[in-house]
Each structure stands twice: as C-alpha cells, then as structure tokens.
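Structure at a glance
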Amino acid sequence: KGEVLVIEDKQVIIGIEGAGVEGVVPAKELSTLPVEDINEVVKVGDVLDLVVISTIGKDKENGSYLLSKRRLDAKKVWEDIERDFQDGKVIEAPVTNVVKGGLVVDVGVRGFVPASMVEDHFVADFSDYKGKTLSFKIIEIEPSENRLILSHKAVVENEREEKKKEILSTIHEGDVLSGRVARLTDFGAFVDLGGIDGLVHVSEISHSHVAKPSDVLAVNDEVNVKVLSINPEQ
C-alpha cells in the first residue's frame with residue numbers, strides 16, 4: 001500500500017506504507033484505461049494498492065521503486081472475467097474502437113470481437129458500433145497473452161432460440177395466425193410469425209393451382225395462415 005505524496009505531470013510520487021521509502025507510478029501504470037489527466041485519477045493523500053515492478057537508481061538504500069496500480073487492477077479484472085467465463089455469464093461492455101478485423105471493447109481490459117462474431121447477419125460497415133454498449137459471451141480467454149475473444153452473435157442467437165421456444169409453446173394446431181412472408185422457395189413460402197418461421201407448402205397457398213409461390217406472394221406480404229402441424233424438435 002502507498003500514499004500519494006506528490007502529483008507530477010507524468011507520474012505520481014508514492015510513500016510506501018511501513019517501509020519509509022518512496023516509489024514512482026508513471027501515468028500509464030495508474031489505470032487500465034488511458035490516462036489523459038492524472039488529477040482526474042488520483043488525489044494527494046489517496047492510499048493505493050500497488051505492485052512493485054522494479055527498483056530505480058543504483059543506490060538501493062536511497063533508491064526508489066517503480067510501482068503499478070494498473071497491473072494489479074488488470075489482474076483482478078482477469079480473475080473476474082475468468083469466473084464469468086466458467087459460469088457462462090453474459091457480460092456487457094462498451095465498444096471503444098472499430099478496427100479492420102472487428103470491434104475492440106473495454107471490459108476493464110481490452111477485449112476483441114472478430115467481425116464474424118458481431119451479428120448473426122452480414123454487416124458491411126461497423127462504424128455505428130463505436131460507443132455502443134453490447135452484451136457478449138466470452139469465447140476465449142488467455143490472461144498471460146492479454147487475449148480476450150468475445151461474441152455478440154452468440155448472445156443474439158441464444159436470445160432467438162429462447163424466443164422460438166417461447167413462441168412454439170403458445171402455438172397450437174388449428175390456430176389462425178397473421179405473419180409476414182420472409183422468403184420464397186420453389187416448394188413454398190416461409191412465413192415469419194414474430195421470431196419463428198413456418199412453412200406454407202406450395203399446395204397450401206391457394207385453392208387454385210400455383211406453379212411458383214412467387215407468382216402469388218411477395219416477400220414482406222402480410223398473410224393469415226392456419227397451423228396444420230407443429231414439430232418442436234425440428
């Protein structure tokens with residue numbers, strides 16, 4: 001433990017408790033986040049938990065020590081993340097940067113979301129994501145290499161699965177529902193019932209003969225459908 005004695009431009013002078021010696025914390029070792037202004041991070045008289053990085057000065061008797069708060073904070077953050085990973089917890093974090101291969105997020109340490117793990121659909125431009133706070137599943141964690149891989153797509157897919165189960169449990173054979181044509185194939189039309197798609201076979205589209213579903217229906221058409229059968233497993 002050390003008390004903040006003096007705040008300088010790019011470093012803080014610390015009195016190390018119970019040792020009668022001083023230490024130095026450079027600005028970049030004060031926080032896991034970039035430090036613009038030291039005075040916003042610490043005040044004279046603050047007592048900090050620190051870790052010794054090395055000694056400074058040749059004369060060990062009167063020399064001081066290079067200290068870090070950031071490394072201790074990061075260690076605690078990694079321990080929390082490790083626990084969340086083991087528990088399969090979903091975490092929330094802000095997107096701090098958009099880079100070529102995906103998104104950089106701040107979880108107290110740097111996390112990376114590969115482009116393929118951002119959404120469950122193709123996104124051409126991620127620039128809108130900067131500053132947004134999203135929920136993530138932890139995919140890979142390697143504290144010794146400062147590697148943390150996250151996925152927002154996994155959360156989206158999980159939520160959709162939950163919603164599907166919920167909708168399936170409320171639909172029964174014989175129900176008449178309204179939906180929207182999501183896509184057309186040669187053998188029928190898939191109708192979105194609000195989070196789950198049902199198939200209207202080409203033979204069930206009309207009383208008159210339909211050669212191709214696209215002759216009668218278009219994507220986004222609002223339609224009423226009757227449920228003939230349900231198979232929750234499939």
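Below is a short write-up of the structure.

Here strand 7 (residues 90–99) runs beside strand 10 (residues 133–142); their pairing, made up of five bridges, is antiparallel. What sits directly across from Val-90, in strand 10, is Lys-137. Sheet analysis places strand 7 next to strand 8 (residues 102–106), joined by four bridges and oriented antiparallel. What sits directly across from Val-95, in strand 8, is Val-105. With antiparallel pairing between neighbouring strands as the criterion, strand 7 and strand 8 make up a hairpin whose turn holds two residues.

Time to look at the nonpolar core. Counting residues in hydrophobic clusters, the biggest one holds 22 residues, and the most contacted among them are Ile-81, Val-105, Val-107, Phe-136, Leu-148 and Leu-150. At the level of elements, helix 1 (70–87), strand 7, strand 8, strand 10 and strand 11 (147–151) are the ones that each hand at least two residues to this core. Residues contacting Phe-136, with those up to four places away along its chain left out, are Lys-89, Val-90, Ile-91, Ala-93, Val-105, Val-113, Leu-150, Ser-151, His-152 and Val-155.

Okay, the sheet that holds strand 15 (residues 222–226) next. Spatial strand order, 14-13-12-15: four strands in an open sheet with antiparallel pairing. Bordering the open sheet on either side are strand 14 (197–201) and strand 15, each of which pairs with just one other strand. For this sheet, the mean angle separating the axes of adjacent strands, direction not counted, is 50°. In terms of strand pairing, strand 12 (residues 176–185) meets strand 15 through five bridges, oriented antiparallel. By the bridge assignment, Gly-179 is partnered in strand 15 with Val-223.

Tallied over the entire structure, the rule returns 16 salt bridges. Salt-bridge contacts for Lys-28 lead to Glu-29; the nearest nitrogen and oxygen are separated by 3.5 Å. Under the relative-accessibility criterion, Glu-29 is labelled buried at 2%. Sharing partners across several salt bridges, the network here consists of Lys-28, Glu-29, Arg-70 and Arg-71.

Moving on to the sheet that holds strand 6 (residues 64–68). Sheet architecture is open: six strands sit in the order 4-1-2-3-6-5, paired in mixed fashion. If you trace the sheet from one side to the other, it starts and ends with strand 4 (47–48) and strand 5 (51–56), each paired once. Relative to strand 6, strand 5 runs antiparallel, the two being bridged by five bridges. Within strand 6, the position partnered with Thr-55 by the bridge is Tyr-65.

Another aspect to go through is the environment of Val-216. With respect to the secondary-structure elements, Val-216 resides in helix 3 (residues 213–216). Linking Val-216 and Asp-80, residues 136 residues apart in sequence, is a C-alpha distance of 56 Å. If near-sequence neighbours (up to four positions away) are discounted, Val-216 is found in contact with Ile-205, Val-210 and Asp-221.

Between its terminal C-alpha atoms helix 2 (residues 153–170) stretches 26 Å, which fits the 26 Å expected from 18 residues at 1.5 Å a residue. Three or more residues of helix 2 are buried, namely Val-155, Val-156 and Ile-167. Looking straight down helix 2, one finds that the buried residues subtend no more than 105° of arc, so they occupy a single side. Turned more than 90 degrees off the buried face of helix 2, the exposed positions are Lys-165 and Ser-169. Next to the buried residues of helix 2 lie strand 7, strand 10 and strand 11.

Cut-off values and rules
Residues numbered from 1 in each chain as written. Predicted model: local features only at pLDDT ≥ 70, side-chain atom pairs only at ≥ 80, totals over all residues. Heavy atoms only, no water. Pairing = 2+ DSSP bridges. Helix = DSSP H or I, 4+ residues; strand = E, 2+ residues; numbered from the N terminus. Core = buried A, V, L, I, M, F, W, Y, C linked by side-chain atoms within 4.5 Å. Buried < 20%, exposed > 50% of the residue type's maximum accessible area, 1.4 Å probe, protein only. Contact = heavy atoms within 4.5 Å. Axes fitted to C-alpha atoms, helices over the stretch in contact; angles between N-to-C directions. Salt bridge = Lys/Arg side-chain N within 4 Å of Asp/Glu carboxyl O. Expected span 1.5 Å × (residues − 1). Arc of directions from axis to C-beta.

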